[in-house]
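Structure at a glance
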Amino acid sequence: MTAPAQALEMVPLADRLRWLLVVRIGVVALPLVAWFVTGDRGDRSAAVLVVPGLLLLLTGLLLQWRSRRGRRWAVAAMTVPITLDAVYLGWASYLTSGLTGPVVYVIALHVLAVTLVGSFRTGMKMAFWHSLVIMSLLEAVTTGVLPSGGPGTEFDGLRYGVFLAVVWVTAVTTAVLAGVNERELRRRRYDEAVLRRLSAALHEAETGVEVAEALLDFTLDAGDATLAAVQCRLAAGDSEASTLLTRKRQDEPLEVLRDVAEPGTGSLIDAVTATGTTMLAAMRAPDPWVDLVLDGAPRVVAVPFSIEGQGTGALVFQNDARAGSRIEQRRVAVVEQAVAHTATALARVALLEQLQRSALTDGLTGVANRRAFDVALTREMALADRTDAALAVIILDLDKFKSLNDTYGHLAGDDVLRGVGAALRQCTRQGDLVARYGGEEFVLLLPGATEEDAISAARRVRAVLRGVQGPRTITASLGIARWPVHGVTGPELLAAADSALYAAKEGGRDQARVAGREGPVTGGDGVDGLDSWDDVRPLDVRAVPVPPPLRSASVIG
């Protein structure tokens, strides 16, 4: 990333021209003062200075007006008048006692002003031009081309040497100081530009990976790093925390590292997270995490951050700058600013994902809600239609749950519902979706499941429900329907499963029935025993792209 040249220009060209106009007024006015101060004017009139001065001002104004027509005119408006300034000051010096007169000091001030207002390069050129103009005038007087205006107008090696020393010391000193200052200001302006771009990228980021990539791009650019990584760990309430680790090299795509172990106790990441302060470390001892992620970098910068109480993380990158140098200090400071912005963006993304999960999750049981189920069912039916894959649903209703509520109270009923939700999540495959259908009814969406697979899942459900802690044994009636045999649309498929559910209830409860099939397929009159769900053959794992259960919250996006 490179900032546009205009964005990095310290002072706009139009402002420089206006300041040079002010300098030019001084160039014209001060020699006139010197003309009257010296007193020895002979028979010359003040017009010998006034007329050239007015012409100089008029030329500067004209070129400044034309500078609006384009950069070429603007450059001419800067270079041509200051060149004429030097000629005018040389003429004024000749008229006011030459190198022994006061205009010499005006020349030194002119060099200083041009260096500051224009640039240090322009100031050096102007010092050379002043030296050449004065030498030409002195030679002209010495050779008789111009009449002598006094001892100061004739060539004298010592006086001319002193003049050169004054002009060049002024030019070089000012140029060096101005160059250092301009370079620092330009770097700060550049840092501000890339920080603004980082803020824009963070504002548009919708996932943790996008946020991390924006920070890594900034670090590789503004931090002058060749390799950088972001590691963050988000807590998810009582659920398992999630970790995001991304890495990026110069001119290479982002890498999401999923198989890297957590930083161990005593590692650099552990130390900076514990202290909360930036560390510039020379890796004298082995650090497995740094060796793996940063390819064993000998010197590393680690900047920790906190995600507004939701987690912690750190940015780490290779440090190639000389230890203690100003470059190192500056880039670490600007990276710390970027990390602060990134932590806020990560907190926003984490909160957004939490809200999305809350919108699609049943608050009591922790499983998907009806809205999430409807979206997943529509998507899975469309996928099955395109790929001719199997698909089944199971609706289950807890037996005599109303009497449990009436006898033991609603708090006990809520505890049972929470236990049922947890049990159903444990006994289903990774690609299955468990949702609360309403009240004491739950529904299972089984992508890729045949009828036998669905019956096997029903057996697992009956087995785990008996293990749910409650005031009495928990059982359920289940209805199974298969796409497209029992329905080609969502409502048709759910209606078929619902009919099978009510048939199971009418048949004595604690059993499962398949739509369109007589008798229970598990439970009932001892059709089969309560199989352990561990004995059921596994199916191909196929993740259903819906928000995961609360136990696996993630900012990876």
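None of the values given here were measured: they were computed from a predicted structure. (Residues numbered from 1 in each chain as written. Predicted model: local features only at pLDDT ≥ 70, side-chain atom pairs only at ≥ 80, totals over all residues. Heavy atoms only, no water.)

1. Describing the overall build of the protein
Scanning the protein from terminus to terminus reveals 16 helices and 12 strands. Burial statistics for the protein: of 557 residues in total, 48% are counted as buried. In the protein, the share of contacts with a sequence separation of at least 24, taken over all contacts with a separation of at least 6, comes to 67%. Put simply, the protein shows about 27,100 Å² of open surface, and 57% of that area lies on carbon and sulfur atoms. (Helix = DSSP H or I, 4+ residues; strand = E, 2+ residues; numbered from the N terminus. Buried < 20%, exposed > 50% of the residue type's maximum accessible area, 1.4 Å probe, protein only. Contact = heavy atoms within 4.5 Å. Areas by Shrake-Rupley, 256 points an atom, 1.4 Å probe, with all protein chains shown as cover.)

2. A few points about the side chain of T219
Tracing the chain through its elements places T219 in helix α8 (residues 208-222). Taking the relative accessible area as the measure of exposure, T219 reaches 0% and is therefore buried. In terms of polar contacts, T219 uses its side chain to reach the backbone carbonyl oxygen of L215, at 2.9 Å. Not counting the four nearest positions on each side in its chain, T219 is found in contact with D224, A225, A228, L315 and F317. (Polar contact = N/O pair within 3.5 Å; in protein donor to acceptor, adjacent residues only side chain to side chain.)

3. As for the packing of aromatic side chains
Counted under the stated rule, the structure contains four aromatic pairs. When the ring of F373 is compared with that of Y437, the centres are 6.3 Å apart and the planes differ by 90°; the resulting orientation is edge-to-face. Of the two residues, F373 sits in helix α12 (residues 370-387) while Y437 sits in strand β8 (residues 433-438), which places them 64 residues apart along the sequence. On the accessibility criterion, F373 (0% relative accessible area) is buried. (Phe/Tyr/Trp six-rings, centres within 6.5 Å; stacked < 30°, edge-to-face > 60°.)

4. As for the pairing of strand β6 (residues 311-318)
With seven of its eight residues buried, β6 lies for the most part within the structure. Hairpin connection of strand β5 (residues 299-306) to β6: four residues between the antiparallel strands, including E308 at a positive phi of 50°. (Pairing = 2+ DSSP bridges.)

5. Some words on the confidence of the model for the protein
Summarising the model, the protein shows a mean pLDDT of 83, and 88% of its residues fall at 70 or more. Predicted confidence in the protein is weakest over helix α1 (residues 5-8), with a mean pLDDT of 40, and strongest over strand β7 (residues 391-398), with 95. Every residue in residues 1-8 is under pLDDT 50, and counting partners more than four places away or in other chains gives 15 contacts. Scored below 50 in pLDDT, residues 529-557 shows 71 contacts in the model against residues more than four places distant or in partner chains. (pLDDT = per-residue confidence, 0-100.)

6. Observations regarding the nonpolar core
By size, the foremost hydrophobic cluster in this structure holds 38 residues, and its most contacted members are F218, F305, L315 and V335. Within the residue set of this core, elements represented by two or more residues are α7 (157-204), α8, β1 (227-236), β5, β6 and α11 (326-359). Top element by residues in this core is α11. It accounts for 11 residues. The residues touching F305, leaving out its near neighbours within four places in the chain, are V230, Q231, C232, T312, G313, A314, L315, V339, A343 and L346. Membership of the second largest hydrophobic core comes to 33 residues, among which are A423, A449, I474 and V521. (Core = buried A, V, L, I, M, F, W, Y, C linked by side-chain atoms within 4.5 Å.)

7. With respect to the pattern of salt bridges
For the structure on display, the rule yields 21 salt bridges. Between D15 and R18 there is a salt bridge, with the nearest N and O atoms lying 2.1 Å from each other. Separated by three residues within a single helix, D15 and R18 lie in helix α2 (residues 13-38), roughly one turn from each other. Accessibility expressed as a relative area gives 26% for D15, which makes it partly exposed. When salt bridges with common partners are traced through the structure, they connect R247, R249, E252, E255 and D295 into a single cluster. (Salt bridge = Lys/Arg side-chain N within 4 Å of Asp/Glu carboxyl O.)

8. Digging into the environment of A171
With respect to the helices and strands, A171 occurs in helix α7. Setting aside its immediate chain neighbours within four residues, A171 contacts V111, G123, M124 and A127.

9. Points about helix α3 (residues 47-66)
Given a rise of 1.5 Å per residue, 20 residues ought to cover 28 Å, and the 28 Å separating the end C-alpha atoms of α3 matches this to within 8%. Among all positions in α3, only L49, G53, L56, L57, G60, L63 and Q64 are buried. Looking down the long axis of α3, one finds its buried residues gathered within 135° of arc, a one-sided arrangement. Across from the buried face of α3, at angles greater than 90 degrees, the exposed residues are L54, L55 and L58. (Expected span 1.5 Å × (residues − 1). Arc of directions from axis to C-beta.)

10. Considerations on helix α15 (residues 451-465)
Spanning 15 residues, α15 covers 21 Å between terminal C-alpha atoms, matching the ideal 21 Å at 1.5 Å per step. Of all 15 residues in α15, 12 are buried; the element is thus mostly enclosed. Buried within α15 we find E451, D453, A454, I455, S456, A457, A458, R460, V461, R462, V464 and L465. Elements that come into contact with the buried residues of α15 comprise β7, α14 (410-427), β9 (441-447), β10 (476-483), β11 (511-514) and β12 (522-523).

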